[in-house]
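Chain by chain, the residues run as shown.
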Amino acid sequence: MAEVILMPRLSDTMTEGVIAAWHKKIGDTVKKGDLLAEIETDKATMELESYKDGTLLHTGGDKGVKIQVDDLLAIIGKPGEDISSLLKNQQPATSNKQPETSNKQQAISHQPPVTSNQQPAIDVSKMDEVVLMPRLSDTMEEGVIASWHKNVGDTVKKGEVLAEIETDKATMDLESYKNGTLLHIGAQKGEKIPVNGLLCIIGEKGKVDVEAIVAAIKEGMSTESGVRSQQAVGSQQPATSIQQPVTSNQQPVTSNQQPVTISENGRVKASPLAKKLATDKGIDIKNISGTGDGGRIIKADIDNYKQSATGGPQTVTKETATTPVFTGSSSEGYTDIPNSQIRSIIAKRLAESKFSAPHFYLTMEINMDNAIAARTQLNEISPVKISFNDLVVKAAALALRQHPAVNASWLGDKIRRYSHIHIGIAVAIEDGLIVPVIRFADQKTLPQIAAESKELAGKAKNKKLQPPEFTGNTFTISNLGMMDIDEFTAIINPPDSCIMAVGRIKETVVKKGEGFAVSNVMKITLSCDHRSVDGATGAAFLQTFKKFLENPITMFF
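Since the model is a prediction, treat every value here as computed from it, not as a measurement.

Participant: Even after reading the chapter, I still don't get the overall build of the protein, so can you show me in this structure?
Facilitator: When its secondary structure is counted, the protein shows 11 helices and 26 strands. The buried share among the 557 residues of the protein stands at 45%. A fraction of 63% describes how many contacts in the protein between residues 6 or more apart in sequence connect residues 24 or more apart. For the protein, the accessible area works out to roughly 29200 Å², and carbon and sulfur atoms hold 52% of it.

Participant: Before we go on, may I ask you to explain the sheet that holds strand β4 (residues 35–40) in this structure?
Facilitator: In a beta sheet, neighbouring strands are held together by backbone hydrogen bonds and run either parallel or antiparallel to one another. Read from one edge of the open sheet, four strands run β5-β4-β2-β7, paired in antiparallel fashion. Looking at strand neighbours, the two that pair on one side only are β5 (45–49) and β7 (66–68), the edges of this open sheet. Here the strands of the sheet are splayed against their neighbours by 40° on average, with no regard to which way each runs. Two elements, strand β2 (residues 16–22) and β4, share four bridges in a ladder whose sense is antiparallel. From the neighbouring strand, Ile-19 faces β4, where its bridge partner is Ile-39.

Participant: Quick question: what am I supposed to make of the packing of helix α9 (residues 388–402) against helix α11 (residues 535–550) here?
Facilitator: Two elements in contact, α9 and α11, have axes whose closest approach is 9 Å; the angle formed by their N-to-C orientations is 135°. Classed by the angle they form, the pair α9 and α11 counts as oblique. The way α9 lies across α11 gives a crossing that is right-handed. Facing Leu-391, Val-392, Ala-395, Ala-396, Leu-398, Ala-399, Leu-400 and Gln-402 of α9, the residues of α11 in contact are Phe-541, Thr-544, Phe-545, Phe-548 and Leu-549.

Participant: Even after reading the chapter, I still don't get the packing of α9 against helix α10 (residues 446–461), so can you show me in this structure?
Facilitator: Packed helix pairs are characterised by how far apart their axes lie and by the angle those axes make with each other. α10 packs onto α9 with a crossing angle of 115° between their chain directions and a minimal axis gap of 9 Å. Remark: the crossing between α9 and α10 carries right-handed chirality. Touching Asp-390, Leu-391, Val-393 and Lys-394 of α9 are Leu-446, Ile-449, Ala-450, Ser-453 and Lys-454, all from α10. Across the contact of α9 with α10, the residue classes break down as five nonpolar, one polar and three charged.

Participant: Even after reading the chapter, I still don't get α10, so can you show me in this structure?
Facilitator: With 16 residues, α10 should reach 22 Å at 1.5 Å per residue; the first-to-last C-alpha distance of 22 Å fits that figure. Along α10, the residues that are buried comprise Leu-446, Ile-449, Ala-450, Ser-453, Leu-456 and Ala-460. All buried residues of α10 fall inside an arc of 140° around its axis, so they share one side. Check the buried side of α10 and you find it contacts α8 (369–381), α9, β20 (423–425), β21 (427–429), β22 (432–434) and β23 (437–438). Looking one or two residues past α10, Lys-463 carries a phi angle of roughly 55°, positive in sign.

Participant: Help me understand the sheet that holds strand β11 (residues 155–156), please; the structure alone is not making it clear to me.
Facilitator: Taken together, four strands build an open sheet; the order of strands is β9-β16-β14-β11 and the sheet is antiparallel. Single-partner strands in this sheet number two, and they are β9 (130–132) and β11. Bridging between β11 and strand β14 (residues 180–185) involves two bridges; their strand directions are antiparallel. What sits directly across from Val-156, in β14, is Gly-180. Of the strands in this sheet, β9, β14 and β16 (198–203) are in contact with helix α3 (residues 210–218), which crosses β16 at around 155°.

Participant: Even after reading the chapter, I still don't get the packing of aromatic side chains, so can you show me in this structure?
Facilitator: Geometrically, a pair of aromatic rings is defined through the distance of the ring centres and the angle of the planes. Inspection of the entire model under this criterion finds two aromatic pairs. Centroid distance Phe-475 to Phe-541: 5.5 Å. Interplanar angle 55°. Geometry classified as tilted. Of this pair, Phe-475 sits in strand β24 (residues 475–479) while Phe-541 sits in helix α11, and the two are 66 residues apart along the sequence. The class of Phe-541 is buried, set by a relative accessible area of 0%. Taking the centre distance of 6.4 Å and the plane angle of 20° together, the rings of Phe-541 and Phe-545 count as stacked. Here Phe-541 and its partner Phe-545 are both found in helix α11, four residues apart, which amounts to about one turn of the helix. Residue classification places Phe-545 among the buried residues on the basis of a relative accessible area of 0%. Grouped by ring-pair contacts, the aromatic residues Phe-475, Phe-541 and Phe-545 constitute a single cluster. Stacked on the ring of Phe-388, the Lys or Arg Arg-375 has its end atom at 4.5 Å from the ring centre.

Thresholds, definitions, all that
- Along each chain, the written sequence defines residue order, and numbers are assigned to residues from 1.
- In keeping with the model being predicted, local features are shown solely for residues with a pLDDT of at least 70 and side-chain atom pairs are shown and tallied solely at 80 or more, while totals for entire chains, interfaces and linings include all residues.
- The basis for every side-chain value is the complete set of heavy atoms in the structure, and neither hydrogens nor water enter the calculation.
- Numbered from the N terminus, helices here are DSSP runs of H or I no shorter than four residues, and strands are runs of E no shorter than two.
- Note on exposure labels: buried denotes an accessible area under 20% of the residue type's maximum, exposed denotes more than 50%, and partly exposed covers the range between, all computed with a 1.4 Å probe on protein chains only.
- Residues count as neighbours in contact if any of their non-hydrogen atoms are within 4.5 Å of one another.
- Per-residue and other accessible areas were derived by the Shrake-Rupley procedure at a 1.4 Å probe size, with only the shown protein chains allowed to occlude residues.
- Only strands that DSSP links by at least two bridges are regarded as paired with each other.
- What counts as an axis is a line fitted to C-alpha atoms, over the stretch in contact for a helix, and the angles between N-to-C directions run from 0 to 180 degrees.
- By definition in this entry, angles of less than 35 degrees are roughly parallel, angles greater than 145 are roughly antiparallel, angles of 65 to 115 are roughly perpendicular, and the rest are oblique.
- Crossing handedness: left-handed means the near helix sits turned counterclockwise from the far one by under a right angle, and right-handed means the same turn made clockwise.
- Note on residue classes: Ala, Val, Leu, Ile, Met, Phe, Trp, Tyr, Cys and Pro are nonpolar, Asp, Glu, Lys and Arg are charged, and everything else, Gly too, is polar.
- Residue count minus one, scaled by 1.5 Å, sets the expected span of a helix.
- As used here, the arc belongs to the directions running from the helix axis to the C-beta atoms.
- Side-chain rings of Phe, Tyr and Trp (the six-membered ring for Trp) are treated as a pair once their centres are within 6.5 Å; stacked means planes under 30 degrees apart, edge-to-face means over 60, and tilted covers the remaining angles.
- Criterion for a charge above a ring: Lys NZ or Arg CZ within 6 Å of the ring centre, and within 35 degrees of the ring normal.

Put into structure tokens, the structure is as follows:
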């Protein structure tokens, strides 16, 4: 049966999308995961993948056409299938839309005439009061409520932060796009909401029928929005519910103190000044109770802690940093840690890559003596400190320019070779792994690459990366050399065809002339998808990569 694909809400403020490009035309075979189109939102241009197999039977507009969120984007079904009824029910909103009331509360979905035993359905997608869970990354399927910045009954102004949403890539702030009162929230902290699920309702108190809206969504009454009615049931408990006390002798919080509020990602709510003062004074900020808004730690809390710590408690602070004395308990136990969104997506995508892409591995040793000398000289004049990884990124980008077959993706019925070179750099964060992307790396200087990689790595660790900064990679580098790893193999990061695993630089005795000498050697391993990259192709790429690193001066021409 043919299925309608509606324009998704790809950003928190998106109301319409512009077709930047179609990657399939009517009559083409479409497989699940195939790139259908590129959609330009108010924030970025993002790729839209198909979520089903079939044939593209209809498109809602040509390149450059604007389509409202939740309006018809495409229809996928069987070749020759009759879709006239679907087209009739999915007329553009402008063609038959009735004038809206001032508060949109009585908006009715465009359905055939209602029979006597049917009630008109409330179309929540056309109601300004309803805030749906936006798709904040290209692979996001659901979001976890990291924290609410507003409570039910609070006044909300346009631009104020409503909540922090944990996606599969980062934790992002969600701002309100209207003024009003927060009348309803769709899930509590720690619970999941699917994309386009009910996040909250904002409107005038007493003028919005909250119960009717919630009931409509739960009963699946809206036909245009494509909103999934099932809300997350909170099967996983918030991380705070399983946290253990910091130490066994920590004093309980008194009734006149507000406990420290820690977000789901482990960050303590504290002002930047308070954090700096705590660091300067050697105070563990997690041991301080905040008296600011929502338990936020402020400067006065740091000052008061110091005053109360004079005259003895210095030893208490020292004890809190030591390992608790073993009590000899014979009881066993364990702690279940709910998977974060990032960890869940890592498991899903890399498992698919490992078991669907036939990996093979090529390992090579590279003499880094010249690279070490060149880096020392470069850092004497560079405005930004250049790392060995920056040299690796630059060499890989230039090698990809000469070997475009490696700069490719396997798309099932074809291989896509990219004319641009976007290098992804795997960065380890608390919840797992994320890959910031340096775009057009082959065209950038080493100082530019160094500055951009440092900025992106900082954003990644603070979960502040935006979708354009972690999508679109054509090749990935994973470097564990700084952790004293000699060599390793990495799993290909879709949609790339290859990923390079970089080990540490270590001194090795090598034969030179008639004697022996010590050289600095680095091992790298290239993981390749054999469907799109052959062994000889990967080996030729590594040879070129090796020439660049062993003769760094060639990277400046």
